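Observations on chain architecture
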Amino acid sequence: MTEPQKPNPSAGSVPYAPRKISGPVLMGVVPGQPLAVAHRAAELAYSLGVKLVCAYVDVTTYLAEEPDGRVEARPIDPDGIDDDIEGINASLAAHLREALDGTNIDWSFVTLAGDPARALGRLAETTDASVIVVGTRERGLGARLEELLVGSVAVHLTHRQHRPVLVVPLAPHPRHQPKAGH
């Protein structure tokens, strides 16, 4: 029988030492999203004792760097500008306020521009988020077509950055129930 090897300090390997999670929980928000996503994200933030950052990504805009170094959001189609982005933001913020106010969770709401996975990934990096929370898409032909064309935000997030991604199922497929007599 051999004795277990002792770590060799000169070999350069440092033993794992867990660190306390201190970065916020980052939640992706979309109009019409069920509150289940906000509730799970809030529970996680509360359990970890961290802030909750709720982010909506306006896909009709992109980020452009100005010559002076400023970065600003510009519409993809200047003729098709959605004049109601302020209304969408206000509606989302009110929906979140209704769900989260009174929970004693420190939370905020921000609007980002561009591709949702990239925008959420950038925000996660700048805020040192501990986890990103997103919801699944509603089932249906339209959602399947959209996913084929642009892909899943959750999948893109898991492939483009190193933070864990929590995907909250919104409309899970019902379990297959065996028919009587089978």
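Notes on the structure follow. (Residues numbered from 1 in each chain as written. Predicted model: local features only at pLDDT ≥ 70, side-chain atom pairs only at ≥ 80, totals over all residues. Heavy atoms only, no water.)

Points about the overall build of the protein chain
Short version of the rule: Numbering of helices and strands runs from the N terminus; a helix is a DSSP stretch of H or I covering at least four residues, while a strand is a stretch of E covering at least two. Throughout, a contact is declared for two residues whenever any of their heavy atoms are within 4.5 Å. Note on areas: these come from Shrake-Rupley sampling with a 1.4 Å probe, and a residue is covered only by the protein chains present in the view.
Each helix and strand counted, the protein chain has five helices and seven strands in total. Put simply, the protein chain runs from its N terminus to its C terminus through helices and strands in the order β-α-β-β-β-α-β-α-β-α-α-β. In the protein chain, of all internal contacts separated by at least 6 residues, the share reaching a separation of at least 24 is 72%. Summed over its atoms, the accessible surface of the protein chain is roughly 12600 Å², and 56% of this surface lies on carbon and sulfur atoms.

Side note on helix 1 (residues 35–48)
As a reminder of what qualifies: Multiplying 1.5 Å by the residue count of a helix minus one yields the expected span of that helix. Each residue gets one of three labels from its accessible area relative to the maximum for its type: buried under 20%, exposed over 50%, partly exposed in between, using a 1.4 Å probe on protein chains only. The arc in question is the one spanned by the directions pointing from the helix axis to the C-beta atoms.
For helix 1, with 14 residues, the first-to-last C-alpha span of 20 Å sits near the 20 Å given by 1.5 Å per residue. Every buried residue of helix 1 is listed here: Val37, Ala38, Ala41, Ala42 and Ala45. Along helix 1, the residues classed as buried sweep out an arc of 125° about the axis, all on the same side. The exposed set on the far side of helix 1, more than 90 degrees from its buried face, consists of Tyr46 and Ser47. Buried residues belonging to helix 1 abut strand 1 (25–29), strand 2 (52–58), helix 2 (85–100), strand 6 (131–135) and strand 7 (165–168). Looking one or two places after helix 1, you find Gly49, whose phi comes out positive at around 70°.

Describing the side chain of Gln33
To be explicit about the condition: For this analysis, a polar contact is any N or O atom pair within 3.5 Å, provided that within protein one partner can donate a hydrogen and the other can accept it, and provided that sequence-adjacent residues contribute only side-chain to side-chain pairs.
Mapped onto the elements, Gln33 comes out in the loop between strand 1 and helix 1. Residue class for Gln33 comes out buried when judged on its relative accessible area of 12%. Within polar-contact distance, the side chain of Gln33 engages the backbone oxygen of Gly28 at 3.5 Å. Setting aside residues no more than four positions away along its own chain, Gln33 makes contact with Gly28 and His95.

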